[in-house]
Amino acid sequence: MNRRTVRVLVCDDHAVVRAGLLALLGSEPDLDVVAEAGSGEEAVVLAARLAPDVVLMDLQLGPGIDGVEATRRITAHAAGDGAEERGPAPHVLVLTTYDTDADITRAIGAGATGYLLKAERPEELFAAIRAAAVGRTTLSPPVADRVMARLRTPAPVLTDRERDILGQLARGLGNRDIARALFISEATVKTHLGRIYDKLGVETRAGAVAKANEERLLP
């Protein structure tokens, strides 16, 4: 049974990785790589111009917009001022080494159809691309596990003031300097820190900063 050809745009900021993906996908007769992009901006423009079925998107893309923002623009037809819609938006399949809760949540929230880790076997990648082309979601098993765990345990919700204090904490400031920077008392800083520790499930300043980085909670 012949499969329909799936037109693929590959976006990764590493030329060697792109070359490897192009060679790998070229081994499948029904997968046609129509272009490659080395940045998020380039991917957005090429996706609008070529209208591929699937955009294979890395998350970390060096200078410029990251893979999440590129995904958001592609799925929203946002290729720039005056861009016209050209039928349905391409499906974006994330292919990355990053599997933190924050990365997964941001990518899916931006409109990604699937989320695959680069450690997957080629056969899994091929199947995920074909699934994405028809709008079906594919998640690497570790990603699916994290999604389920996140649904069972929602991410901590911090107030704007708590985020401000976390930001100062990440700069290495002590309580007195944080109080001065935010025009509040040291007692207020200590109170907020106690609430931050409770929400993040940590006991130290370093632990709070590490957890905030993992959850992408820093302002």
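Parameters at a glance
- Residues numbered from 1 in each chain as written.
- Predicted model: local features only at pLDDT ≥ 70, side-chain atom pairs only at ≥ 80, totals over all residues.
- Heavy atoms only, no water.
- Helix = DSSP H or I, 4+ residues; strand = E, 2+ residues; numbered from the N terminus.
- Contact = heavy atoms within 4.5 Å.
- Areas by Shrake-Rupley, 256 points an atom, 1.4 Å probe, with all protein chains shown as cover.
- Lys, Arg positive; Asp, Glu negative; His and termini not counted.
- Charge placed at Lys NZ, Arg CZ, Asp CG, Glu CD.
- Polar contact = N/O pair within 3.5 Å; in protein donor to acceptor, adjacent residues only side chain to side chain.
- Axes fitted to C-alpha atoms, helices over the stretch in contact; angles between N-to-C directions.
- Parallel < 35°, antiparallel > 145°, perpendicular 65-115°, else oblique.
- Buried < 20%, exposed > 50% of the residue type's maximum accessible area, 1.4 Å probe, protein only.
- Pairing = 2+ DSSP bridges.
- Left-handed = near helix turned anticlockwise from the far one by under 90°.
- Nonpolar A, V, L, I, M, F, W, Y, C, P; charged D, E, K, R; others polar.

### Considering the overall build of the chain
When helices and strands are counted, the chain shows 10 helices and five strands. The principal-axis extents of the C-alpha atoms in the chain amount to approximately 70 × 40 × 30 Å. Across the chain, contacts joining residues at least 24 apart in sequence account for 62% of those joining residues at least 6 apart. By element, 52% of the accessible surface of the chain is carried by carbon and sulfur atoms, the whole surface being about 11400 Å². Side-chain charges in the chain split into 27 positive and 31 negative, and the spacing between the mean points of these groups amounts to 5 Å.

### Here's the deal with the environment of S185
Mapped onto the elements, S185 comes out in the loop between α8 (175-182) and α9 (186-200). Each C-alpha atom of the pair S185 and N175 lies 9.0 Å from the other, and the pair is 10 residues apart in sequence. Of the polar contacts made by the side chain of S185, one reaches the side chain of T188; its length is 2.8 Å.

### Details of the environment of C11
Checked against the element boundaries, C11 lands in strand β1 (residues 6-11). Among residues more than four places away in sequence, those in contact with C11 are A37, S39, A43, L56, M57, D58 and L61.

### A short note on the packing of helix α7 (residues 160-170) against α9
Running from N to C, α7 and α9 cross one another at 95 degrees; their axes reach a closest spacing of 10 Å. With respect to α9, the axis of α7 lies roughly perpendicular. In this structure, α7 uses R161, E162, I165, L166 and L169 to contact α9, whose residues at the interface are V189, H192, L193, R195, I196, K199 and L200.

### Some points on α7
Of all the residues in α7, the buried ones are E162, I165, L166, G167, Q168 and L169. Where α7 is buried, its residues contact α8, α9 and α10 (205-214).

### Looking at unusual backbone geometry
For residues that are not glycine, phi is negative in most cases, and the peptide bond is trans in most cases. Positive phi outside glycine occurs at A51, with the angle close to 50 degrees. Along the chain, A51 falls in the loop between α2 (40-50) and β3 (54-57). Although it is not a glycine, F183 adopts a positive phi angle of roughly 60 degrees. With respect to the helices, strands and loops of the structure, F183 is situated in the loop between α8 and α9.

### Some words on the side chain of D103
Structurally, the position occupied by D103 is in helix α4 (residues 101-109). When sequence neighbours within four positions are dropped, the list of residues in contact with D103 reads L59, Q60, Y98, Y115 and R216.

### Re the pairing of strand β4 (residues 91-96)
Taking burial as the measure, the six residues of β4 include five buried ones, the bulk of the element. In terms of strand pairing, β3 meets β4 through four bridges, oriented parallel. Note on β4: the bridge partner recorded for V55 is V92. As defined by bridge partners, β4 adjoins strand β5 (residues 114-117) across four bridges and the pair is classed as parallel.

### Considerations on the sheet that holds β5
Taken together, the five strands give an open sheet; going across it, the order is β2-β1-β3-β4-β5, and neighbouring strands pair in parallel fashion. Strands at the two margins of the open sheet, each flanked by one partner only, are β2 (31-37) and β5. Each strand axis lies, on average, 25 degrees off the axis of its neighbour in the sheet, ignoring direction. Sheet topology places β1 next to β2; six bridges connect them, and they run parallel.

### Re the packing of α7 against α10
α10 packs onto α7 with a crossing angle of 110 degrees between their chain directions and a minimal axis gap of 10 Å. Here α7 lies roughly perpendicular to α10, going by the angle between them. Of the two elements, α7 crosses α10, and the hand of that crossing is left-handed. Residues L166, L169 and A170 of α7 touch α10, and the partners they reach there are R205, A208, V209 and A212. Of the residues contributing to the contact of α7 with α10, the split by class is six nonpolar, no polar and one charged.

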